[in-house]
Amino acid sequence: MPWTMDDYPASLKNLDKPVKKKAIEIANAMVDEGYDESRAIPIATSQAKEWYENASESEVRDFMENDDPTERDSDGSGSNPDLIDNAEEVVPHDDGWAVQAKGSKRPSQVFDKKQDAVKRAKEIAKNKGTETIIHKKDGSVQERA
């Protein structure tokens, strides 16, 4: 079951609201990628704290004002534990650059900047112990890391 700002693990209860929301977003994406919930929460918490420390006030404000990214599709689509061993890919997307597990039907995250997508894909791949495949705008492979 996806976590929301109204229903989340007790370990997140004392976090500042922006950190909690970001941790929930990251943890939900990790669970969608096949991570076990017990692994996703501490990793997401750490990454959310790091994001908050490095984010500008306007980034935090924009994040808090946008639609709630802690909500996932109710049909459960996108959640596939079989993808946990697959490489993370950075692929062109209508809204910028997408990060997704190889073979996934939808991205776990979409970024405006390719460098942000590459950074996130490498973090996920490192946590999963898989490689990162970075594609060019035309879809061909640019790099494997």
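On a predicted model such as this, the values are computed, not experimentally measured, just so you know. (Residues numbered from 1 in each chain as written. Predicted model: local features only at pLDDT ≥ 70, side-chain atom pairs only at ≥ 80, totals over all residues. Heavy atoms only, no water.)

1. Overview of the overall build of the protein
- Scanning the protein for helices and strands turns up 4 helices and 5 strands.
- Counting the 145 residues in the protein, one finds 43% classified as buried.
- Taking all contacts inside the protein whose residues are at least 6 apart in sequence as the whole, residues at least 24 apart take part in 52%. (Helix = DSSP H or I, 4+ residues; strand = E, 2+ residues; numbered from the N terminus. Buried < 20%, exposed > 50% of the residue type's maximum accessible area, 1.4 Å probe, protein only. Contact = heavy atoms within 4.5 Å.)

2. Some points on the environment of proline 92
- With respect to the secondary-structure elements, proline 92 resides in strand 1 (residues 88-93).
- Considering only alpha carbons, one finds proline 92 and aspartate 138, 46 residues apart in sequence, at a separation of 7.8 Å.
- Ignoring any residue separated from it by four or fewer positions in sequence, one finds proline 92 in contact with Trp97, His135, Lys136, Lys137 and Gly139.

3. Side note on the pairing of strand 1
- As judged from the 6 bridges shared by strand 1 and strand 2 (residues 96-101), these two strands associate in the antiparallel manner. The residue bridging valine 91 from the neighbouring strand is alanine 98, located in strand 2.
- The antiparallel hairpin formed by strand 1 and strand 2 contains 2 residues in its connecting segment. (Pairing = 2+ DSSP bridges.)

4. So, the pattern of salt bridges
- Under the defined criterion, the tally for this structure stands at 6 salt bridges.
- Its salt-bridge partner being lysine 22, residue glutamate 25 comes within 3.7 Å of it at the nearest N-O pair. With glutamate 25 and lysine 22 both in helix 1 (residues 17-32) and 3 residues apart, this pair spans about one turn of that helix.
- A salt bridge links lysine 102 to glutamate 89; the shortest N-O distance between them is 3.9 Å. Of this pair, lysine 102 sits in the loop between strand 2 and strand 3 (109-111) while glutamate 89 sits in strand 1; the two residues are 13 residues apart in sequence, bridging distant segments of the chain. (Salt bridge = Lys/Arg side-chain N within 4 Å of Asp/Glu carboxyl O.)

5. Re the packing of aromatic side chains
- One pass over the full model with this rule turns up 2 aromatic pairs.
- These aromatic residues form a ring-pair network of at least three members: Trp51, Tyr52 and Phe63.
- Looking at lysine 21, its charged tip hangs above the ring of phenylalanine 63, at a distance of 5.1 Å from the centre.
- The ring of tryptophan 51 has lysine 22 lying over it, and the distance from NZ or CZ to the ring centre is 4.8 Å. (Phe/Tyr/Trp six-rings, centres within 6.5 Å; stacked < 30°, edge-to-face > 60°. Lys NZ or Arg CZ within 6 Å of the ring centre and 35° of its normal.)

6. Quick word on the packing of helix 1 against helix 2 (residues 37-54)
- Helix 2 packs onto helix 1 with a crossing angle of 135° between their chain directions and a minimal axis gap of 8 Å. Taken together, the axes of helix 1 and helix 2 are oblique relative to one another. For helix 1 against helix 2, the interelement crossing comes out right-handed. For the pair formed by helix 1 and helix 2, the contact residues are Pro18, Val19, Lys22, Ala23, Ile26, Ala27, Met30 and Val31 on the first element and Glu37, Ala40, Ile41, Ile43, Ala44, Thr45, Gln47, Ala48, Lys49, Trp51 and Tyr52 on the second.
- Tallied by class, residues from the contact of helix 1 with helix 2 come to 14 nonpolar, 2 polar and 3 charged. (Axes fitted to C-alpha atoms, helices over the stretch in contact; angles between N-to-C directions. Parallel < 35°, antiparallel > 145°, perpendicular 65-115°, else oblique. Left-handed = near helix turned anticlockwise from the far one by under 90°. Nonpolar A, V, L, I, M, F, W, Y, C, P; charged D, E, K, R; others polar.)

7. Focus: the confidence of the model for the protein
- Averaged over all residues, the pLDDT of the protein is 84; the fraction at 70 or higher stands at 88%.
- Confidence drops under pLDDT 50 across residues 69-79; counting only partners more than four residues distant or on other chains, this segment forms 22 contacts. (pLDDT = per-residue confidence, 0-100.)

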